[in-house]
Amino acid sequence: MRGKQVLMRDENGLEKCVGCELCAWACPADAIFVAAAENDAADPKSHGERYAERYEINMLRCIFCGMCEEACPEDAIFLEKKFELADYSRDAFIYTKDELLVP
């Protein structure tokens, strides 16, 4: 069963996503947008040279196929079992990085 996507962190609390955009390229519904930025060595966001400065998933387009999960070389995105995603506003279905990151 596939549900809402989550972005994972590594054991040090850094984001696993390095902003490679492979998930966005693999998405057949064009539901994922990734804008990468250079990682600051003094305050790193991820373990790579880059990180996802902006990461959004349009859940109205998502077909829950799991291609994003398969394409990710860093194991940064997973589909969890939460699948009741009802809301009253179309804007609420665009999930940002803050909403997707596991605490």
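Per chain, the residues get numbers from 1 upward, laid out in the order the sequence is written. Reporting in this predicted model follows two pLDDT cut-offs: at least 70 for local features of residues, and 80 or more for side-chain atom pairs to be given and counted; totals over whole chains, interfaces and linings ignore these cut-offs and use all residues. Excluded from the side-chain calculation are hydrogens and water; included are all heavy atoms of the structure.

Colleague: Kindly report on the overall build of the chain, identifying the contributing residues and their values.
Modeller: Starting at the N terminus, helices and strands are each numbered in turn, a helix being any DSSP run of H or I of at least four residues and a strand any DSSP run of E of at least two. Assigned secondary structure in the chain consists of three helices and five strands. Listing every helix and strand of the chain by position from the N terminus yields β-α-β-β-α-β-β-α. Taking 103 residues into account, the globule formula puts the C-alpha radius of gyration at 13 Å, and the chain, at 13 Å, falls close to it. Dimensions of the chain, computed from C-alpha atoms along their principal axes, come out at roughly 40 × 25 × 25 Å. Contacts in the chain between residues far apart in sequence, at least 24 positions, make up 69% of those at least 6 positions apart. To measure how exposed things are, a 1.4 Å probe is used in the Shrake-Rupley method; for residues, cover is taken only from the protein chains shown. A total accessible area of about 6,400 Å² is found for the chain, and carbon and sulfur atoms account for 50% of it. Lys and Arg are tallied as positive, Asp and Glu as negative. Neither His nor the chain termini are counted. Here the site of a charge means atom NZ of a Lys, CZ of an Arg, CG of an Asp or CD of a Glu. Within the chain, one finds 12 positive and 21 negative side-chain charges whose respective centroids are separated by 5 Å. C-alpha atoms define the radius of gyration, and 2.2 Å times the number of residues to the power 0.38 defines the globule rule. Here, two residues are considered to be in contact whenever any of their heavy atoms come within 4.5 Å of each other.

Colleague: Outline the pattern of salt bridges, supporting the account with residue identities and numerical values.
Modeller: A side chain with one charge may pair with a side chain of the opposite charge, provided their charged atoms come close. The working definition used for a salt bridge is a side-chain nitrogen of Lys or Arg within 4 Å of a carboxyl oxygen of Asp or Glu. Across all of its chains, the model carries four salt bridges by this definition. With its nearest N and O atoms 3.1 Å apart, the salt bridge here joins Glu15 to Lys97. Remark: Lys97 occurs in helix H3 (residues 97-100) and Glu15 occurs in the loop between strand E1 (5-7) and helix H1 (22-26); sequence separation between them is 82 residues. Its relative accessible area of 8% is what places Glu15 among the buried residues. Each residue is assigned to one of three classes by its accessible area relative to the maximum for its type, calculated with a 1.4 Å probe on protein chains only: buried under 20%, partly exposed between the two thresholds, exposed over 50%.

Colleague: An account of the environment of Pro103 is needed here, citing residue identities and associated values.
Modeller: Mapped onto the secondary structure, Pro103 falls in the segment after H3. Residues Pro103 and Leu7 lie 96 residues apart in sequence; the distance between their C-alpha atoms is 9.5 Å.

Colleague: So what about the sheet that holds strand E2 (residues 32-38)? Which residues, and what values?
Modeller: Pairing between strands requires that DSSP locate at least two bridges from one strand to the other. Ordered in space as E2-E3-E5, the three strands form an open sheet in which the pairing is antiparallel. Edge positions in the sheet fall to E2 and strand E5 (94-96), since each of these pairs with one other strand and no more. Sheet twist, expressed as the average angle between the axes of neighbouring strands with direction ignored, equals 20°. Inspection of the sheet shows E2 paired to strand E3 (residues 50-58) by seven bridges, in the antiparallel sense. Among the inter-strand pairings, Ala36 is bridged to a residue of E3, identified as Ala52. To obtain each axis, a line is fitted to C-alpha atoms, and for helices this fit is confined to the stretch in contact; angles are then taken between N-to-C directions over 0 to 180 degrees.

Colleague: Summarise the nonpolar core; cite the residues concerned and give the values.
Modeller: The term nonpolar core refers to a set of buried residues drawn from Ala, Val, Leu, Ile, Met, Phe, Trp, Tyr and Cys, joined through side-chain atoms within 4.5 Å. With 24 residues, the main nonpolar core has Ile32, Val34, Tyr55, Ile57, Met59 and Ile77 as its most contacted residues. In terms of residue count, the dominant contributor to this core is E3 (three residues). In contact with Ile57, other than residues within four places in its own chain, are Gln5, Ala31, Ile32, Ile77, Phe93, Ile94, Tyr95 and Leu100.

Honestly, that's just the spatial picture; any functional story needs more than this.
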